[in-house]
Amino acid sequence: MDTLVGWHIEMDFRIVDSRTKAAALLRLPDGTELRAHGHSTRHPNDPAQTRVGEELAAARALNDLARQLLGKASHEIEDVTKIPAHPAM
């Protein structure tokens, strides 16, 4: 039997001068909300490329989110098995 599950991530950006901040929000079906942040800073000699700053900040926020999900999964595995879990990224 196949099961289709969907997760939605909201990503917002704030750009001030040469700095871009990303905020990610993931709502899981169990009601958990995970929030993550990332940032990027443009070097003064680099041309202004808003999309590149957003991509870097988003990647860092998603990386933070991935670490949080691994931690959540570890705790859930340990709750059932009573053995320390160390899922790798």
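Heads up: the structure comes first, above all this text.
Report follows, based on the coordinates. (Residues numbered from 1 in each chain as written. Predicted model: local features only at pLDDT ≥ 70, side-chain atom pairs only at ≥ 80, totals over all residues. Heavy atoms only, no water.)

### Focus on the overall build of the protein
The number of helices and strands found in the protein is 1 helix and 3 strands. Going from the N terminus to the C terminus, the protein shows its helices and strands as β-β-β-α. A compact globule built from 89 residues would reach a C-alpha radius of gyration of about 12 Å, whereas the protein, at 17 Å, exceeds it by more than 25%. Taken along its principal axes, the extent of the C-alpha atoms in the protein is 55 × 30 × 20 Å. Looking at the 89 residues of the protein, the share that counts as buried comes to 20%. Pairs at least 24 residues apart make up 35% of the contacts formed inside the protein by residues separated by at least 6 positions. Of the accessible surface of the protein, which amounts to about 6800 Å², a share of 55% is contributed by carbon and sulfur atoms. (Helix = DSSP H or I, 4+ residues; strand = E, 2+ residues; numbered from the N terminus. Rg over C-alpha atoms; globule rule 2.2 N^0.38 Å. Buried < 20%, exposed > 50% of the residue type's maximum accessible area, 1.4 Å probe, protein only. Contact = heavy atoms within 4.5 Å. Areas by Shrake-Rupley, 256 points an atom, 1.4 Å probe, with all protein chains shown as cover.)

### Some remarks on the nonpolar core
Listed in full, the 9 residues of the largest apolar core are A22, A24, L26, L28, L34, A36, A57, A61 and L65. Setting aside chain neighbours within four positions, we find A36 in contact with A22, A23, A24, A61, D64, L65 and Q68. (Core = buried A, V, L, I, M, F, W, Y, C linked by side-chain atoms within 4.5 Å.)

### Some words on the pairing of strand β3 (residues 33-41)
Burial of β3 is one-sided: the residues L34, A36, G38 and S40 facing one way are buried, the residues E33, R35, H37, H39 and T41 facing the other way are not. Pairing analysis gives 9 bridges linking strand β2 (residues 19-27) to β3, with the strands arranged antiparallel. Paired with L25 across the two strands is R35, which belongs to β3. What sits between β2 and β3 in their antiparallel hairpin is a turn of 5 residues, with G31 showing a positive phi close to 95°. (Pairing = 2+ DSSP bridges.)

### Observations concerning the layout of surface pockets
In this structure, the largest pocket encloses a volume near 260 Å³. Lining the largest pocket are 18 residues, and of these S18, R42, Q49, V52 and G53 lie nearest its centre. Of all the elements in the fold, those that place two or more residues in the lining of the largest pocket are β2, β3 and α1 (50-81). With 5 residues, the top contributor of residues to the lining of the largest pocket is α1. Class assignment for the residues of the lining of the largest pocket results in 5 nonpolar, 8 polar and 5 charged. (1 Å grid on protein atoms, 1.4 Å probe; cavity = no way out; pocket = protein on both sides within 12 Å on 5 of 7 lines; lining within 4 Å. Points joined across faces, edges and corners; volume = space filled by probe spheres on them. Nonpolar A, V, L, I, M, F, W, Y, C, P; charged D, E, K, R; others polar.)

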